[in-house]
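Coordinates in review
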Amino acid sequence: MKKLLYIGILFFIVFTYGQAKSINAQNNSIEEIVTVFQSGSSRELARFFAQGIDININGNQGDYSKSQAEVVMRDFFKKFPPMDFQLLHKGNNSDQIIYYIGNYKSEETVFKVFIRGRKEQNEFKVYSLDIVKN
């Protein structure tokens, strides 16, 4: 009986540790994405892109590869250099689908940013990015 109790406790500890590690990795990802938007680095942002990503910037929408999406975001950051980025809301539709909403401020314009991603091998990968002028 004691053996079963020890196995149960061990299983609980391992499961709790795995969940905490996954949540911590997810939180680190969004904190890094916020920092990347604040700095305007398309190269760093592309690290979080899935192999295929849908980007919509003020109605100009397209499906891009990871490298094409980096170029699109580089052009966006050149045209609208970052002043600030603030995360407003985060949520999830399931264990795998996660979304974030934020405000991106450039010198003269404020944009609402909608980031949708999913967990792939314990990493957050962005598959959709909508940037809409406020």
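The paragraphs below set out a description of the structure included in this document.

A look at the sheet that holds strand β4 (residues 97-106)
- Taken together, the six strands give an open sheet; going across it, the order is β2-β1-β6-β5-β4-β3, and neighbouring strands pair in mixed fashion. Each edge of the open sheet carries a strand with a single partner, namely β2 (60-65) and β3 (82-92). Averaged over all pairs of adjacent strands, the angle between strand axes in this sheet comes to 20°, irrespective of strand direction.
- Across five bridges, the pairing between strand β1 (residues 49-57) and strand β6 (residues 123-133) is parallel. Residue pairing across strands places Phe-49 opposite Val-126, the latter belonging to β6.
- Running at roughly 35° to β1, helix α3 (residues 66-79) makes contact with β1, β2, β3, β4, β5 (110-120) and β6 of the sheet.

Details of the packing of aromatic side chains
- For the structure on display, the rule yields eleven aromatic pairs.
- Residues Phe-80 and Phe-111 carry aromatic rings whose centres are separated by 4.8 Å and whose planes lie at 70° to one another, so their mutual orientation is edge-to-face. Of this pair, Phe-80 sits in the loop between α3 and β3 while Phe-111 sits in strand β5, placing them 31 residues apart in sequence. Both residues of the pair, Phe-80 and Phe-111, belong to the buried class.
- With a centroid separation of 6.2 Å and an interplanar angle of 50°, the aromatic rings of Tyr-104 and Phe-111 are classed as tilted.
- Residue class for Phe-111 comes out buried when judged on its relative accessible area of 0%.
- These aromatic residues form a ring-pair network of at least three members: Phe-37, Phe-76, Phe-77, Phe-80, Phe-85, Tyr-104 and Phe-111.

Thresholds, definitions, all that
Residues numbered from 1 in each chain as written. Predicted model: local features only at pLDDT ≥ 70, side-chain atom pairs only at ≥ 80, totals over all residues. Heavy atoms only, no water. Pairing = 2+ DSSP bridges. Helix = DSSP H or I, 4+ residues; strand = E, 2+ residues; numbered from the N terminus. Axes fitted to C-alpha atoms, helices over the stretch in contact; angles between N-to-C directions. Contact = heavy atoms within 4.5 Å. Phe/Tyr/Trp six-rings, centres within 6.5 Å; stacked < 30°, edge-to-face > 60°. Buried < 20%, exposed > 50% of the residue type's maximum accessible area, 1.4 Å probe, protein only.

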